[in-house]
Amino acid sequence: MQKDVKPHIVLIDGVKYYSDKPETCRSCFFWKNRKVPCILGQENCYYLAEIIQSEQQKKCEGCCYASGRSCVSATCYKDLMMQFNASKNKEKLTLQLVPSAKNKDLLTDIPHRNIEDMALAYRFDMGHNERTSFSILVTNKMLNAYGISAAQLHDDALEAASHRCPATLRNMNEVIRNMAGQTDPSPMWVASIENGQNGACVIQYPHFLDDAAETLGGSFYVLPSSIHEVLLLADDTSPSLSELENMVRTINQAEVAPEERLSDNVFHYDCESHIFENARTFEARLSTVEQSVANAELLEAAKPDTMTVLLVQPNAYPKVIQIGSALEDLQHAVDGDIEAVYPFEDSVGVICNEEGKLRGLPANRALRDEDGHIYDVIAGSFLVVGLGEEDFCSLSAEQIDKFEALFHQPEAFVKMGHSITAVPIPDSVLQARDEHRDAPKLTHSSHDDR
């Protein structure tokens, strides 16, 4: 069998060719004439043993904007970036707030900060003309080339953007005055930056949210109008949160171009706690605070012949109630004869219906051992009560907080083989059920769910 022969390579004028290359190109099969010497071209010579890159190809190699494709831009971003790197023109940094879900793949390649369902990205402002503005997105490769951290980039961009494009906050009627002739102030305010481009990033400017709270007179909702602006609405005069969410989604679908949509959610800024968050998260947090206050008031107002206890019902969050200590009061609460069990080391008892499972009452909450395994399921409503020296008594504030957290999330139960699995019921399902239950009749005015 003939062995494979490795082709010989020769070096001619610094370029590698296979040794069977003719001494002159005129002796080559691909030579045409003096006017068109080679039909393949020198860079595509049939006998080349290496790929010859043009000067432009060598320059584009490793460019963070090439991504394996030819550059079609008339401006070489690599040259511009080298200029920025050398001159440290961080004053040209600017911000852009974008939707996270739509930019999931892009966000893996760029430095950014997550803000709820949005992401804050960074750009170099390259100027603008009458028709458009030009900017370059900062990538992880560029950041590594500059040798600066993402935190330093963020600080530099905040400082540069807030000075280069100051925040603007105008009353809605001021914006539309020329069209509608409005003179009275509107409860809605428009927040952006001076040039209006990517102005929704203004909510990340230092001190902007607190300054806006002073103008609006307190905490407020933030409605993402587009990537270029957001709308602010004081939370003491607002429509219900459901109405605000519907407003944002409707406007996004009907008025905002897909590439300029920021979010379908409504956000809230709490000026006392200095917290920017999803408005649903704010309302849940507010409800918890109000419940804690109510718990304290109930404990303070408790009478000797009543107890402050925790009532846990199926498919519902626990409630702090005052209840009589008489047997009939306890029986009424659990809808039948009572049974007391003591599954916890704390000085508390669980009072449930003695025949709850026999009567087929709805499964309520699971009891778990120290390893988290379910060993029993309570059927029907039950009470968590304190234990006195001789009888049941009120829970302490600490006990209320502990067992409200333990039994907070309603559970659904699924039998899998010989075991039972408890599945937490999502808040969205409970909320939808409550909204359906509390929906106003046609003869009544709309219900404010705030």
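As a reminder, the structure under discussion sits directly above these lines.
We now turn to the structure provided with this report. (Residues numbered from 1 in each chain as written. Predicted model: local features only at pLDDT ≥ 70, side-chain atom pairs only at ≥ 80, totals over all residues. Heavy atoms only, no water.)

## Brief notes about the pattern of salt bridges
Cut-off, in case you're wondering: Salt-bridge detection follows one rule: a side-chain nitrogen of Lys or Arg within 4 Å of a carboxyl oxygen of Asp or Glu. Relative accessibility under 20% of the residue-type maximum defines a buried residue, over 50% an exposed one, and the middle range a partly exposed one, all with a 1.4 Å probe and only protein chains included.
Under the criterion given, the structure shown has 9 salt bridges. Two residues, glutamate 277 and arginine 285, come together in a salt bridge whose shortest N-O distance is 2.6 Å. When its relative accessible area of 6% is taken as the criterion, glutamate 277 is described as buried. By relative accessible area, which is 27% here, arginine 285 ends up partly exposed.

## Regarding the sheet that holds strand β8 (residues 188–193)
Applied cut-off: Two strands make a pair as long as DSSP finds a minimum of two bridges between them. Secondary structure elements are taken from DSSP: a helix is a run of H or I of four residues or more, a strand is a run of E of two residues or more, and numbering for both begins at the N terminus. Here the axes come from fitting lines to C-alpha atoms, over the contacting stretch only for helices, and the angles between their N-to-C directions go from 0 to 180 degrees. Contacts are assigned to residue pairs with any non-hydrogen atoms lying within 4.5 Å of each other.
If you walk across this open sheet you meet the 6 strands as β7-β8-β10-β9-β11-β12, and the pairing is antiparallel. The open sheet has two free edges, formed respectively by β7 (167–171) and β12 (275–278), since each of these has just one partner strand. Averaged over all pairs of adjacent strands, the angle between strand axes in this sheet comes to 30°, irrespective of strand direction. Note: strand β9 (residues 220–226) against strand β10 (residues 229–234), 5 bridges, orientation antiparallel. Across the sheet, the residue bridging to tyrosine 221 is leucine 233, located in β10. Along the sheet face, helix α8 (residues 241–255) touches β9 and β10 and points at about 10° away from the line of β9.

## Considerations on a negative patch on the surface
Threshold: Residues form patches when they are more than 30% accessible in relative terms and have no salt bridge. Like charges link within 9 Å. Nonpolar side chains (Val, Leu, Ile, Met, Phe, Trp, Tyr) link within 5 Å. Per-residue accessibility takes into account occlusion by the displayed protein chains alone, with areas from the Shrake-Rupley method and a 1.4 Å probe. In this charge count, Lys and Arg are treated as positive and Asp and Glu as negative; neither His nor the chain ends contribute. Charge coordinates come from a single atom per side chain, which is NZ of Lys, CZ of Arg, CG of Asp or CD of Glu.
Taken together, the side chains of Asp337, Glu339, Glu354 and Glu355 define an acidic patch exposed on the protein surface. Take glutamate 354: it is sitting in the loop between β16 (348–353) and β17 (363–368). Overall, the relative accessible area of 47% leaves glutamate 354 in the partly exposed class.

## Notes on the packing of aromatic side chains
Using the following cut-off: Any pair of Phe, Tyr and Trp rings, taking the six-membered ring for Trp, is counted once the centres come within 6.5 Å. Such a pair is stacked with planes under 30 degrees apart, edge-to-face with planes over 60 apart, and tilted for the rest.
Considering all chains together, one arrives at 6 aromatic pairs under this definition. Aromatic side chains phenylalanine 29 and phenylalanine 30 sit 5.2 Å apart centroid to centroid with 85° between the ring planes, which places their arrangement in the edge-to-face category. Ring centres 5.7 Å apart and planes at 40° place the aromatic pair phenylalanine 220 and tyrosine 269 in the tilted group. Residue phenylalanine 220 is located in strand β9, and its partner tyrosine 269 is located in strand β11 (residues 267–270); the two are separated by 49 residues in the primary sequence. Accessibility assignment for this pair places phenylalanine 220 and tyrosine 269 in one class, buried. Among the aromatic residues, those joined into a ring-pair cluster are Phe344, Phe382, Phe403 and Phe407.

## Considerations on helix α7 (residues 208–216)
Under the convention used in this document: Here the arc refers to the set of directions running from the helix axis out to each C-beta atom.
Residues of α7 that are buried include every one of Phe208, Leu209, Ala212, Ala213 and Leu216, and no others. Along the axis of α7, the buried positions cluster into a sector of 140°, meaning they face one direction only. Backbone geometry just after α7 places glycine 217 at a positive phi near 85°.

## A short note on the nonpolar core
Cut-off, in case you're wondering: Only buried residues count toward a nonpolar core, which is a set of Ala, Val, Leu, Ile, Met, Phe, Trp, Tyr and Cys residues joined through side-chain atoms within 4.5 Å.
If you look at the biggest cluster of nonpolar residues, it comprises 41 residues, and the most contacted ones within it are Leu95, Leu97, Tyr205, Phe208, Phe220, Leu232 and Phe276. Beyond its immediate stretch of four places on either side in the chain, leucine 232 contacts Leu169, Pro187, Met188, Trp189, Ala191, Phe208, Ala212, Leu216, Phe220, Tyr221 and Val222. One finds Leu310, Val312, Val384 and Phe403 within the second-largest nonpolar core, a separate group that totals 14 residues.

## Things to note about unusual backbone geometry
Most peptide bonds adopt trans geometry, and most residues besides glycine take a negative phi value. For asparagine 198, which is not a glycine, the phi torsion comes out positive at approximately 55°. Considering the arrangement of structural elements, one finds asparagine 198 in the loop between β8 and α7. On the basis of relative accessible area, asparagine 198 is assigned to the buried category, the value being 11%. The backbone of asparagine 315 shows a phi angle near 60°, a positive value even though the residue is not glycine.

## Comments concerning the state of the cysteines
As used in these notes, a disulfide is a covalent bond between sulfur atoms, one from each of two cysteines. Let me state the cut-off plainly: By definition, disulfides here are pairs of cysteine sulfur atoms that lie within 2.5 Å.
Applying the stated criterion across every chain yields a total of 0 disulfides. Distance from the sulfur of cysteine 28, which forms no disulfide, to the nearest cysteine sulfur (cysteine 38) is 6.0 Å.

## Considering the side chain of serine 225
We count it as follows: Residues adjacent in sequence count toward polar contacts only when both atoms are side-chain atoms; beyond that, a polar contact is any pair of N or O atoms within 3.5 Å, and within protein one must be able to donate a hydrogen and the other to accept it.
Following the sequence through the fold, serine 225 ends up in strand β9. In this structure serine 225 comes out as buried when scored by relative accessible area, which is 18%. Among the polar contacts made by the side chain of serine 225, one reaches the side chain of glutamate 229 at a distance of 3.4 Å. The residues contacting serine 225, other than those within four sequence positions of it, are Val230, Leu231, Asn252 and Val256.

## Focus on the pairing of strand β22 (residues 419–424)
Relative to β22, strand β21 (residues 411–416) is paired through 6 bridges, and the arrangement is antiparallel. Paired with glutamate 411 across the bridge in β22 is proline 424. Between β21 and β22, which pair antiparallel one after the other, the connecting turn spans 2 residues, and glycine 417 there sits at a positive phi close to 70°.

## Quick notes on the pairing of strand β13 (residues 306–312)
Buried residues dominate β13, accounting for 6 of its 7 residues. Relative to strand β14 (residues 319–324), β13 runs antiparallel, the two being bridged by 6 bridges. Looking across to β14, one finds that valine 309 is bridged to isoleucine 321. Taking the residues between adjacent antiparallel strands as the criterion, β13 and β14 are bridged by 6 residues, where asparagine 315 takes a positive phi near 60°. Relative to strand β19 (residues 382–387), β13 runs antiparallel, the two being bridged by 3 bridges. Of the residues in β19, the one forming a bridge with leucine 310 is valine 384.

## Some words on the environment of phenylalanine 403
Looking at the element boundaries, phenylalanine 403 is found in helix α11 (residues 397–406). Using a relative accessible area of 1% as the deciding quantity, one classes phenylalanine 403 as buried. A C-alpha to C-alpha distance of 8.0 Å links phenylalanine 403 and leucine 310, two positions 93 residues apart in sequence.

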